[in-house]
Each structure stands twice: as structure tokens, then as C-alpha cells.
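# Topology and contacts: notes
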Protein chains: 4
Amino acid sequence: MKSKQNLSGWRLKWYEIIFEADTPKGRLFDIIVLVCILLSVLVVMLESVDSVREQIHVWLIRAEWFFTIIFSLEYIARIYVVSERRKYVLSFFGIIDLLSILPTYLAFFIPGSQSLLVIRSIRLLRIFRILKMVRFVGESQNLMIALRSSKYKIIVFMMTISTSVIVAGTLMYLIEGPEHGFTSIPTSIYWAIVTMTTVGYGDLAPQTPAGQTLASMIMIMGYGIIAVPTGIVSAEMMHLKHSSKITTQVCPHCLKEGHDVDAKFCKYCSGKLN
Amino acid sequence: MKSKQNLSGWRLKWYEIIFEADTPKGRLFDIIVLVCILLSVLVVMLESVDSVREQIHVWLIRAEWFFTIIFSLEYIARIYVVSERRKYVLSFFGIIDLLSILPTYLAFFIPGSQSLLVIRSIRLLRIFRILKMVRFVGESQNLMIALRSSKYKIIVFMMTISTSVIVAGTLMYLIEGPEHGFTSIPTSIYWAIVTMTTVGYGDLAPQTPAGQTLASMIMIMGYGIIAVPTGIVSAEMMHLKHSSKITTQVCPHCLKEGHDVDAKFCKYCSGKLN
Amino acid sequence: MKSKQNLSGWRLKWYEIIFEADTPKGRLFDIIVLVCILLSVLVVMLESVDSVREQIHVWLIRAEWFFTIIFSLEYIARIYVVSERRKYVLSFFGIIDLLSILPTYLAFFIPGSQSLLVIRSIRLLRIFRILKMVRFVGESQNLMIALRSSKYKIIVFMMTISTSVIVAGTLMYLIEGPEHGFTSIPTSIYWAIVTMTTVGYGDLAPQTPAGQTLASMIMIMGYGIIAVPTGIVSAEMMHLKHSSKITTQVCPHCLKEGHDVDAKFCKYCSGKLN
Amino acid sequence: MKSKQNLSGWRLKWYEIIFEADTPKGRLFDIIVLVCILLSVLVVMLESVDSVREQIHVWLIRAEWFFTIIFSLEYIARIYVVSERRKYVLSFFGIIDLLSILPTYLAFFIPGSQSLLVIRSIRLLRIFRILKMVRFVGESQNLMIALRSSKYKIIVFMMTISTSVIVAGTLMYLIEGPEHGFTSIPTSIYWAIVTMTTVGYGDLAPQTPAGQTLASMIMIMGYGIIAVPTGIVSAEMMHLKHSSKITTQVCPHCLKEGHDVDAKFCKYCSGKLN
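Below you will find a few notes about this structure. Note that this is a predicted model, so its numbers are computed, not measured.

## Quick look at the nonpolar core
Formed by 211 residues in total, the largest nonpolar core has its most connected members in Trp-191 of chain A, Trp-191 of chain B, Trp-191 of chain C together with Trp-191 of chain D. Setting aside residues up to four positions removed in sequence, Trp-191 of chain D forms contacts with Tyr-201 of chain C together with Met-172, Phe-182, Leu-204, Ala-205, Pro-206, Ala-215 and Ile-218 of chain D.

Below, the structure is given as C-alpha cells:
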């Protein structure tokens, strides 16, 4: 929160309300914005349902404009209040904030009966407003650490899956062929992904004995393979939980950290710990 | 069990039979009620099967009334025997107990040939009788502790899933559109949930190459994401198991920790533990 | 292997060959029987495929009789060689051994053109021969211990699943009704199981918005719930692995077991360990 | 890398570039080959899509030959540069390298309008080029160790699954029979695998109450069974993670063990570690 520097008076006060959630007012502001986001997403959803749109079309447009104006004001306030404007505008949430209000204005400036359908779909991009919700979550740190520290294992795992899926899809294309729906290798790879992840739509299914045998092998492989990422994440989680057994104590002699709770002497410099 | 206070004589005796399961009679009462619940649920199920209902309709109605009277007597006995009646009636199981007998009486007082079908469905609410079974389970504590202590991690996880599903559903609605069955955003979100949880009915399935590519990404994401809750719960379970084995007791002689709950002497200096 | 007592001479020798796998001859016997079981299962499978049966019907019948005679001889030898015959015949594998040869003889004694189909299906019971394979597995002990020690947790889990599935199925029957395929409560419960286990055939799928909303909730619940048994088993497995850190050493003073590898003194009687 | 011995001068230099990835040039060579593999796999995929092939058929054939020549040169260079040629040619990747270039030449030498279709499918074997990618992965070691050390547990698990699937498939064949699509035991076993792995295509689904009951049991079993491999791998992963952190080093002063790999002094007695 370096953008807080250089602020003073009412701009600092508003900065704390809009960008932070440590004060009662700041928390209230965040909750109001969160509720507005959820309601506006609901409006976009309802608009896409034919039967609902026909009945309350006018109300949906009004709600649409109401939320767009609210979010526009919020966007302007955020730009006005922050000290490093450029940084905010180009940040992830700065771009999301802009994208979530733009489509409604675009639909206003580019009218025309034919393009209505296209405009409506542009409007749907406002669904990205929901991504703003992530801002209100500070608890996701631990999950991120667990996932990041098993980054390489996950990459190896993903490459194994990718190779398996490509080889399996190609073999299936050779075995079943276009006459049973496996019209091309990409389609067959799509089938292999649907099968290996145990989703199994059934829009494509092997019909020859050879194809069914191969499919069975892919399924059992996919069923077993799910154990690997689970094992990786479990081990990380437990490691995180376990490492909380390490004290935050700093050695008074060499200032190093990471001592076990049962350590009496610093393991780096042999100095006595408190 | 504060409602046990102020009871004496036969009311105390019956209280122990009906509400507790520590005495042989109390246990017998509980088992009889449990069997009655299971049988009455079976009757409701059979009643919904057309071929069965036509054959033994009369018997099902008789069984229906038999169990309703049994449960009514049980409900009256529970109210009569408990000291804080208001508290019981408004408790979770008090309400469930009432709801499980009410529909049969309602069907009796509101007759009429047209409303028969509706009444029959109200009757089905008695299926909630099975929820009473939970009362007989005392082992669920540990599972609850494990789930509760990872509450925040699970909330973050659920929000990530929700956001992913809404964004994925909306993108799919834009890509595939109503002509391939994705008639509205809520429907597309339903599809995204079906896909991400690896259920995969196949009533809706992407048909364009772009849609199949996006679907593949969602599937792999959903397949990998299942590792996260599993990892969380595994870590909690292991923590519970581990921490229940070691006391926080310190040896009074060498002041070392980490003694097993069944240890009588310090394993480091042979000093007697408390 | 108490049935080994009271044996002598060639019966003891044959007992070791047939019932044990510690000698080279015993191991060879086991492997031959295992191969025969697998081949006879293959014959039963091939017999059920119409196109294969038409071509090599005679050979299949011959193979059928060949394996039946082999297994009959094996069964007689087992009975002859064991000392406590009654115990073997009534044991799990004694019954399986008998069931795996009986159908072929039954088909011989109960002929008739009309009953042929039924007899063929009785024959299929010989598939239980494959269960004999379990006998050759001694490694399954650890898995069993892990599953047994989390018995109560698994029962609680199963009851939660059962209640959820019954409540969900009944609600779905009320919401969707017979006109969308949910013809009875048992059928709806079947659908709920298919959905909650993330199998998702798609032969039954909700079509109303309310039904799809409920289905979504069931799916997410089922998806999250899979974490619970996985967590339980993971914790047990890890515990097993961890408890191998406990020595098999017995305290020379009080004769108690269960000492940690780093313990110097008995934690029960403070006697010095070796 | 024993094949590096006996090399000198430019052959040693090229050996390091082609077979190793420790030098900048060696890394560049590997990345170029990797990109070529990915592009050539993409070409094979595009060739199988009818609409794409019709438009850019000539370009695909040219790309096809371009990559075949590139890989041929690479194969020749590998053979030329290595000291133990026989060993490389017969190694796993030696065979894969050959198989990935052969089909294009075969299609050239065996022309004919009728066999065109077959040749095209032989060409697809070049997809195995992607297996070469595995060579570039050195991180898969840990995963392999975890899987290998739980080898026996996995075999027991696989045998349990196999037996369950065969018994379940046969019972289903008896219950549902050919009139509901379960035309033979192998088909029914295929259904049992599809169900137990929670894939659930829905091309085959039980229709009788008895069949649906059995299917429900198989599903719940399959859903619970997934916990077993996950538990096994989780336990292994955690063991690996834990054991890599602690040295087997003993403190030369107090002879205690359990020191972290980064410890310089004993944490119990402050003595210096080696």
C-alpha cells in the first residue's frame, strides 16, 4: 500500500475508506460494494433468461444503468483518491474495474437494431465484476503458498497428463475412427480429457471391443492419477501445519530464524536461545 | 441435558428412557424408534412406486397411520416428560419430530379429490424422520472438529469455485450460445458445475472446437482442484490424530515435553511424571 | 494353520504343497492354480460373447469341463489332505471352492432345451473362482488395518451420505416429478447416488431451474465430501508409516511394549531399556 | 552417461550439445528440438481435421516432410556422436526416435490410391514424438520414488479393483441381460469400470430396480475406494518430504539424532556438528 504515501487530509481519510478495510467505515464501504457486485451479476444472469427478460425488461435495464453509474462513481473515486494513479489504472483490479463498466456505455454509443444481440453479449463481460470479490479475501495466502511450493511437481504432473491424453486420443482415433464419432485427433483428445478427468459426458463413447478396452485402461489410469496431485497438496498442507511447530524466535546472537520449539541452543551459532 | 433438572420419580425414570441411551431400557427405546423411522421411510418410498401402490395400497395407508400414531405418542411423551418444554419444542429435533407427523393429519383434515396429489407430496416430508437418525450418532464429533478448524480455507475454496463456475458458464454461453443448448447464463453455470465436479451428465455438451477447448480446461482445472479440499481435510485429520497422542505435560525433573498420554515416567531422564 | 497339526508323512507333505506357499513346490502349485482360475474366467467371459460362442462353441465346452475337473480334483485333494475337514468345508474359501465347480455339474444333471438359458447363467457363478485369487495376496494386511481402525469414522460418513441421498432424492421427486423421468422416490434416490458419487450417467437429469439448482448443490456437496474418506485413510496410512518408528522392544523389567525408538527408559516402570 | 567415455574433440563437444543440457548450447539444442516436436504434433493433429486438411493440404505435407528431415538429421547426429551406438539404438528413446520418422518414409515407398487411408493412419504414429518430451523432464524422480515404494500396496489395490469389476460386471449381466444393452460379460465389465471410476458415460445404464440397486452399491464402493490410492500416495509424499529434511547425522558429543540438514550445532547440547 505504497500509494498511501503523500496523502493527507480528506484524501487520506477517503483512501482508508475505499482501499482499506481496517476501519469500521472502510469495512462498510467494502460490504456495500460487494453486495452491489453480487446484485449486478444477478441482473446480468436474469437478462440472459428469455422468459424473465420478456416480463421485466425495463426494470433490468434500469438496474443495469443504476449499477453501471454506481461502479463508475466508484472507479472515479478510486482514481481521484489514490496517489499513484497510473499504477492503479494499469493494475489487475484497475483494468477489471474499467472492463466491468465499459460494456454498458459501449451499448449506448453503438446503437442499431441488428447489432443488439452482439451488444448484449458484450454486456455480459460485466460478469468479470465478480472477480473483484477476490479482493475481499485475504485468507487465500496459505493455499497459494502450498500450491506454489509444489510448482515443479505440478508441472511434471501436467506434462504427464498432456502426453497421456494426446497419445490416448490418437490411438482412439486410429481404433474407433470417424464412423463412431471420433472425427479428428483434436476431437479424440477432447474425448480423452473428458474420460481421464472422469467427467464422462457420453457424447462420444467407444463402441468397438478394442476401443472399450483402451478406454477402460485410460479410465483406471485417470482414476489412479488423481491420487498424485492430492498427495502433493496434502503433503504441502501438512508441512505448512507442521512448520508452525517452528518458533518465530530470533537467535539473539546470530539473528537467524527457524528454530524448533524444543531447541535450547541456536543450531547455526550455538548461542543460547531464550 | 439441563432439562433433566427438577425432574423426580417416574418422570425422571421416563426421561432417562426416552432422552438418554445410557441404561439398557433407554438403549432399547432408541433402537425401537430407529427401526420405526427406517420402516416408515420405507413405506413412504414404496408409496411413490406406482406398481407397488396399486397392489398394496390399503396396507401402505394402514402402515402410514400406524407409524404416525406411534410417532405422535412418542412426541407427546417427549413433551410430557421434559422439564423445559418450550426449549424442546423449539429445538431442531423438536421441530423435526413435529414435521414428521403433521403431513398425515393435514391430509386427513384437508380432503378433496383434486388436492390428493399435492397432499401425497406433503406426506413425503415425513422423510425428514430419517434426520432423527443423526441423534443416535455420537461419533461425528471428530469429523466436525476437523471441518470447523479448516472453515476459512473451505470458504476461500468455495468462493474460488463459485467465481470460476460463473466466469466459465458465462464464457460458454458466449461461445456456444442457445443453438447448442446453452440457452441462458444460469443454464451455462449449471453446465459448468456439472463439468467441474466431474459429474458430466452429457445433457449439455460443447459442440464447437472453441467450446470443447474451454471445456477441456475447465475439466482439468476441476480435476486438479479436488486435491485442495482433500489436502485440507487430510492435514486436519492427521493433526487431530497426532495431537491426541501426546500430552502437554512437562517432566518435573528434566522439564522435557512430548510424553505420550500413557507414559508414567519420563522417557529421557526416568523421572516420575504426575 | 492349526489344521496342520496331527498330520504326518505324505499328508503333511501334500498339505504344505496345497495350503502353503513357503516351499518351491507350494509356490508352483499356487501359480498353476492361479493361471487355471484366470483361464477359466476367460472361458466364461468368451462364452457370453455371441459372435465368439458361435464360432468356437465346442472348444469352450471342452475347456469348461477341463477346468471343472481340474478344480474338482483340487477340491477333493484339499478336503483329503486337511486334518480338520469340517472347518475347511465351511470356511469362506471352502464354500467358494465348491460354488466354483457346482454350476457345471448342475447344468449336466438338469438338462432340457427350455432351461438352457437359465443353466448358462448359473454357470456364470463360476466367476467366483476369481475370488480365490485373494488367497494369494498377503500384502493386503496393512490396507485392512488402516480401514479397520477408521471403522467408526467410515460408518458416520456412510450414514451422512445415506441421509443426504434420501433427502435429496425425495426433494428431487417433489420438484421434478414423474414427467421428467423421476418416476418414484427409489428412482430419485438412485439419481442422487449417481450424482453425488460424480458418476453422472445422464439417463436422468433435472430439467427445471429449481431441479438444476438443487442438483448443483448436491454435486458440490458430493465433490467436497469425497475429501472426508480420503482424509481419513490418508491419516491412517501416515499413522501406520509413523508408528513404524516404535520399536518392537519389550521392557526387560515390566515386559510392556510400545517404546519410541529414542526412549532410553521404560515409560511405564522407569526401568532402563537395552 | 557412460556413452560419454571414449569421446574426444568435436564428438565430445557435440555429444554435450545433443545429449546433455548443462551448457547454454546444449540447452538451446534441447529447446529447438522440443519446439519442433510440438509443432510436428500440431501438424499431425491439423491433418486429421477434414475442414483444415482440404484448405491447406499442400502446406501440411511440406511441414510434414520438413519435420521428418529435421528429425532424421537429429537421429543420424545422435547415432554418429554417441560412443556406444548399439545401446542408444536399442534404448527406449532410440526406438521412439526411429518410430517418429519411419511412417513418413513408409508412406513414400508404399504408394497406391487404395492404401492411402491406411498410410495416413500409419503417419499418425509420429505422435509418439511427443514422448520425447519426457526426456526433458528431470523433476519426475520424486514422484517415481513415491510410486515405487508403494508398489505392493498399489498391486493389491489393483487386484481388488479387478476382482470387484469382474464380479460386478457378471452380476450385472445376469440381472440386466442383453435386452438392456448388457450384451456380454466383457461389455458388462466395461460398464463396471466406467461406473466404478465415476466416469459414467451413460451409453449403458441399468434400467431394472435390481440393476439400479447393484449399480448404486458399485458407485458408492468406487467413490470410497478412490480414498485408498490417494492415502497411499499422500503418506509416501509426506514421508519423502519429512525424511529429506532430517540428516542421519549423530551429534559427536551427546550422540543424539534428528538434526536438520542446515544445522551446524547440536540443538540439544550445543556441540559442533561435522
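## Overview of the packing of aromatic side chains
The full count for this structure, using the stated rule, is 16 aromatic pairs over all chains. A ring pair is formed by Tyr-75 of chain B and Tyr-88 of chain B, whose centres lie 6.3 Å apart and whose planes are at 45 degrees; its orientation type is tilted. One end of the pair, Tyr-75 of chain B, is in helix α3 (residues 50-81); the other, Tyr-88 of chain B, is in helix α4 (residues 85-90), with 13 residues separating them in the sequence. Residue classification places Tyr-75 of chain B among the buried positions, given a relative accessible area of 9%. Relative to Phe-71 of chain C, the ring of Phe-67 of chain C lies with its centre 6.5 Å away and its plane at 25 degrees, an arrangement referred to as stacked. You can see Phe-67 of chain C and its partner Phe-71 of chain C sitting in helix α3 (residues 50-81), 4 residues apart, about one turn around the helix. Owing to a relative accessible area of 2%, Phe-71 of chain C belongs among the buried residues under this scheme. Across the ring face of Tyr-80 of chain C, the terminal group of Arg-85 of chain C is positioned such that the distance to the ring centre comes to 5.6 Å. When the ring centre of Trp-59 of chain D is taken as reference, the NZ or CZ atom of Arg-62 of chain D above it lies at 5.0 Å.

## Concerning the packing of helix α10 (residues 185-196) of chain C against helix α11 (residues 209-225) of chain D
Between α10 of chain C and α11 of chain D, the least distance of the axes is 10 Å, while the angle of their chain directions is 25 degrees. Taken together, α10 of chain C and α11 of chain D sit at an angle that is classed as roughly parallel. Regarding α10 of chain C and α11 of chain D, the two cross each other, and that crossing is left-handed. Where α10 of chain C approaches α11 of chain D, its residues Tyr-190, Ile-193, Val-194 and Met-196 of chain C are matched on the opposing element by Gln-212, Ala-215, Ser-216, Met-219, Ile-220 and Tyr-223 of chain D. Considered class by class, the residues forming the contact of α10 of chain C with α11 of chain D number 8 nonpolar, 2 polar and no charged.

## Digging into the side chain of Ser-48 of chain B
Along the chain, the position of Ser-48 of chain B falls in helix α2 (residues 24-48). Those residues within four positions of Ser-48 of chain B in sequence are excluded, and the remaining contacts are Arg-53 of chain B together with Tyr-173, Thr-183, Ser-184, Ile-185 and Pro-186 of chain C.

## With respect to the pattern of salt bridges
Residues and elements named next belong to chain A. All chains considered together, the criterion is met by 11 salt bridges over all chains. We note a salt bridge from Asp-50 to Arg-53, for which the minimum N-O separation is 2.9 Å. Here the residue Asp-50 and the residue Arg-53 both occupy positions in helix α3 (residues 50-81), the gap between them amounting to 3 residues, near one helical turn. Assessed through its relative accessible area of 15%, Arg-53 is described here as buried. Its salt-bridge partner being Glu-74, residue Arg-78 comes within 2.8 Å of it at the nearest N-O pair. Of the two residues, Arg-78 and Glu-74 both sit in helix α3, 4 residues apart, roughly one turn of that helix.

## What to know about empty space enclosed by the protein
In total, this model carries 5 cavities of 30 Å³ or more according to the counting rule given. Looking at the largest cavity, its volume works out to about 150 Å³. As for the largest cavity, its lining consists of 15 residues, and the residues nearest its centre are Ile-226 of chain A, Ile-226 of chain B, Ile-226 of chain C together with Ile-226 and Thr-230 of chain D.

## A closer look at the packing of helix α1 (residues 9-19) of chain A against helix α2 (residues 24-48) of chain A
All names here are of chain A. One way to put it is that α1 packs onto α2 with a least axis distance of 7 Å and a crossing angle of 50 degrees. Judged by the inter-axis angle, α1 sits oblique to α2. Contact residues: α1 offers Glu-16, Ile-17 and Ile-18, while α2 offers Lys-25, Gly-26, Phe-29 and Asp-30. Here the contact of α1 with α2 is composed, by residue class, of 3 nonpolar, 1 polar and 3 charged.

## Considering a nonpolar patch on the surface
Residue and element names in this part refer to chain A. Where nonpolar side chains cluster on the molecular surface, the patch consists of Ile-31, Val-35, Leu-39, Leu-42 and Leu-46 and spans about 410 Å² of accessible area. By the element assignment, Ile-31 lies in helix α2. Judged by its relative accessible area of 49%, Ile-31 is partly exposed.

## Observations concerning the environment of Leu-28 of chain D
Mapped onto the secondary structure, Leu-28 of chain D falls in helix α2 (residues 24-48). Sequence spacing of Leu-28 of chain D and Trp-14 of chain D is 14 residues, and the spatial spacing of their C-alpha atoms is 13 Å.

## Thoughts on the environment of Leu-98 of chain D
Residues and elements named next belong to chain D. Structurally, the position occupied by Leu-98 is in helix α5 (residues 92-99). Here Leu-98 falls in the partly exposed class, since its relative accessible area comes to 32%. Sequence spacing of Leu-98 and Leu-171 is 73 residues, and the spatial spacing of their C-alpha atoms is 47 Å.

Thresholds, definitions, all that
- Residues numbered from 1 in each chain as written.
- Chains lettered and ligands numbered in written order.
- Predicted model: local features only at pLDDT ≥ 70, side-chain atom pairs only at ≥ 80, totals over all residues.
- Heavy atoms only, no water.
- Core = buried A, V, L, I, M, F, W, Y, C linked by side-chain atoms within 4.5 Å.
- Buried < 20%, exposed > 50% of the residue type's maximum accessible area, 1.4 Å probe, protein only.
- Contact = heavy atoms within 4.5 Å.
- Phe/Tyr/Trp six-rings, centres within 6.5 Å; stacked < 30°, edge-to-face > 60°.
- Helix = DSSP H or I, 4+ residues; strand = E, 2+ residues; numbered from the N terminus.
- Lys NZ or Arg CZ within 6 Å of the ring centre and 35° of its normal.
- Axes fitted to C-alpha atoms, helices over the stretch in contact; angles between N-to-C directions.
- Parallel < 35°, antiparallel > 145°, perpendicular 65-115°, else oblique.
- Left-handed = near helix turned anticlockwise from the far one by under 90°.
- Nonpolar A, V, L, I, M, F, W, Y, C, P; charged D, E, K, R; others polar.
- Salt bridge = Lys/Arg side-chain N within 4 Å of Asp/Glu carboxyl O.
- 1 Å grid on protein atoms, 1.4 Å probe; cavity = no way out; pocket = protein on both sides within 12 Å on 5 of 7 lines; lining within 4 Å.
- Points joined across faces, edges and corners; volume = space filled by probe spheres on them.
- Patch = residues over 30% accessible without salt bridge, like charges linked within 9 Å, V, L, I, M, F, W, Y side chains within 5 Å.
- Areas by Shrake-Rupley, 256 points an atom, 1.4 Å probe, with all protein chains shown as cover.

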